[in-house]
Amino acid sequence: MRFLQTEPVQHSLAPGAELLLLPEPRFKRCLLQIHFDCPLDDQSPARTLLAQVLQQGTAKYPSRMALARRLEEFYGATLQFAGHRSAEAHNMTVGMAWVGERFLPEGETVVGPLIGLGMQLLADPLRGPGGEFFDPQTIEREREQLLRQIESFPDDRSAYAEEQFIKALCEGEAFGNPVWGTSEQVKAL
């Protein structure tokens, strides 16, 4: 018995932009992930911080609470940003998940509005009170949170051991550096 009953369908949208679809009627939730492959370089810590800052709100939904309320209107849909290393790239991902529309009340749709909310997070993030591109208080709060995560990382022994293994294995290579950077790099942002 094959694990998948359907094969992925691949569409080339533009040079460097591939769309993979896996329609599978057994699934009750839909998942959309948009991946941005960036260099695994000294800007990776800034992108890691940016992913956290972008999730704090938009001009229309200026808080995490307002975003959560909006997502609840989409029957518990989720929207998140994340980043990880993938070969020699820093892969930034915008992920969305929602209940399949066949399980929603008649006439309800969430795909378009959810993608629209994702676009708002990317294109119209929560601005600073003086018109700054990002709210300085939000940046500082998220920077402090990232520093706490970096400092407490050795407490997660298995993740820490894996990171040390990669660092030793790939010394001098981009893959040997964590995407979140060091405390010094984050403080300098």
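Details of the structure are given in the entry above.
Report on the accompanying structure. (Residues numbered from 1 in each chain as written. Predicted model: local features only at pLDDT ≥ 70, side-chain atom pairs only at ≥ 80, totals over all residues. Heavy atoms only, no water.)

1. Quick look at the layout of surface pockets
Convention followed: The distinction between a cavity and a pocket rests on a 1 Å grid over the protein atoms alone: a 1.4 Å probe fits inside a cavity but cannot get out, while a pocket stays open yet meets protein on both sides within 12 Å along at least five of seven lines, and a residue with an atom within 4 Å of a point counts as lining. Grid points are joined across faces, edges and corners, and a volume is the space filled by probe spheres set on the points. Helix and strand labels come from DSSP, where a helix needs a run of H or I of at least four residues and a strand needs a run of E of at least two; each type is numbered from the N terminus. Residue type decides the class: Asp, Glu, Lys and Arg count as charged, Ala, Val, Leu, Ile, Met, Phe, Trp, Tyr, Cys and Pro as nonpolar, and the leftover types, Gly among them, as polar.
A volume near 960 Å³ is recorded for the largest pocket. Surrounding the largest pocket, 24 residues form its lining, Leu19, Leu20, Leu31, Leu32 and Gln33 being those nearest its centre. Looking at the lining of the largest pocket, the elements that each hand over two or more residues are strand 2 (17–21), strand 3 (29–39) and strand 5 (89–99). Looking at the lining of the largest pocket element by element, the count peaks at eight residues for strand 3. When grouped by side-chain class, the residues that make up the lining of the largest pocket number 15 nonpolar, four polar and five charged. Volume-wise, the second largest pocket comes out at about 360 Å³. Lining the second largest pocket are 21 residues, and of these Asn177, Pro178, Trp180, Gly181 and Thr182 sit closest to its centre.

2. Examining the nonpolar core
Formally: Definition used in this section: a nonpolar core is a set of buried Ala, Val, Leu, Ile, Met, Phe, Trp, Tyr and Cys residues joined via side-chain atoms within 4.5 Å. Note on exposure labels: buried denotes an accessible area under 20% of the residue type's maximum, exposed denotes more than 50%, and partly exposed covers the range between, all computed with a 1.4 Å probe on protein chains only. Here, two residues are considered to be in contact whenever any of their heavy atoms come within 4.5 Å of each other.
Counting 27 residues, the largest nonpolar core has Leu71, Phe74, Leu79, Leu114 and Leu117 as its most contacted members. Only helix 1 (44–54), helix 2 (64–73), strand 4 (78–86), strand 5, helix 3 (111–123) and helix 4 (136–152) provide two or more residues apiece to this core. Residue contacts for Leu71: discarding those within four places in its chain leaves Gly76, Ala77, Thr78, Leu79, Leu114 and Leu117.

3. Some remarks on the side chain of Thr93
Inclusion rule: N or O atoms within 3.5 Å of each other form a polar contact, as long as, within protein, one can give a hydrogen and the other can take it, and as long as residues adjacent in sequence are counted only when both atoms are side-chain atoms.
The residue Thr93 is located in strand 5 in this model. A polar side-chain atom of Thr93 sits 2.9 Å from a polar atom in the side chain of His35. With sequence-adjacent residues up to four places away left out, Thr93 is seen in contact with Gln33, Ile34, His35, Gln80, Phe81, Ala82 and His84.

4. So, the packing of aromatic side chains
Put simply, the test is: Any Phe, Tyr or Trp ring, taking Trp's six-membered ring, that has another such ring centre within 6.5 Å forms a pair; planes under 30 degrees apart are called stacked, those over 60 apart edge-to-face, and the others tilted. Whether a charge lies above a ring is judged from NZ of Lys or CZ of Arg, which has to be within 6 Å of the ring centre and within 35 degrees of the ring normal.
Under the criterion given, the structure shown has three aromatic pairs. Considering the side-chain rings of Phe133 and Phe134, the 4.8 Å spacing of their centres and the 85° angle between planes classify their relative orientation as edge-to-face. Since its relative accessible area comes to 52%, Phe133 is described here as exposed. Seen from their ring centres, Phe153 and Trp180 are 5.3 Å apart, and the 55° between their planes marks the pair as tilted. Remark: Trp180 occurs in the loop between helix 5 (157–169) and helix 6 (183–188) and Phe153 occurs in the loop between helix 4 and helix 5; sequence separation between them is 27 residues. These aromatic residues form a ring-pair network of at least three members: Phe153, Tyr160 and Trp180. Over the face of the ring belonging to Phe175 we find Arg85, whose NZ or CZ atom lies 5.1 Å from the ring centre. Of note, Arg127 hangs over the ring of Phe133, and the distance from its end group to the ring centre comes to 4.2 Å.

5. Considering the pairing of strand 4
Basically, it comes down to this: Only when DSSP finds a minimum of two bridges between them are two strands counted as paired.
Pairing of strand 4 with strand 5, which is carried by nine bridges, proceeds in the antiparallel orientation. In the strand pairing of strand 5, Phe81 is matched with Val94. Counted between consecutive antiparallel strands, the loop separating strand 4 from strand 5 contains two residues, among which Ala87 sits at a positive phi close to 60°.

6. Focus on unusual backbone geometry
We note that Tyr75 has phi near 60°; this positive angle belongs to a residue other than glycine. Mapped onto the elements, Tyr75 comes out in the loop between helix 2 and strand 4. Residue Ala87 is not a glycine yet carries a positive backbone phi of 60°. Ala87 sits in the exposed class, given a relative accessible area of 55%.

7. Description of the packing of helix 1 against helix 4
Basically, it comes down to this: For helices, the fitted line uses only the C-alpha atoms of the stretch in contact; every axis is such a line through C-alpha atoms, and the angle between N-to-C directions lies from 0 to 180 degrees. With the far helix as reference, a near helix turned anticlockwise by less than a right angle produces a left-handed crossing, and one turned clockwise produces a right-handed crossing.
Packing of helix 1 against helix 4 leaves a shortest axis separation of 9 Å and a crossing angle of 120°. Crossing hand, helix 1 versus helix 4: right-handed. Along its contact with helix 1, which presents Pro45, Thr48, Leu49, Gln52 and Val53, the element helix 4 presents Thr138, Ile139, Glu142, Arg143 and Leu146. Split into classes, the residues belonging to the contact of helix 1 with helix 4 amount to five nonpolar, three polar and two charged.

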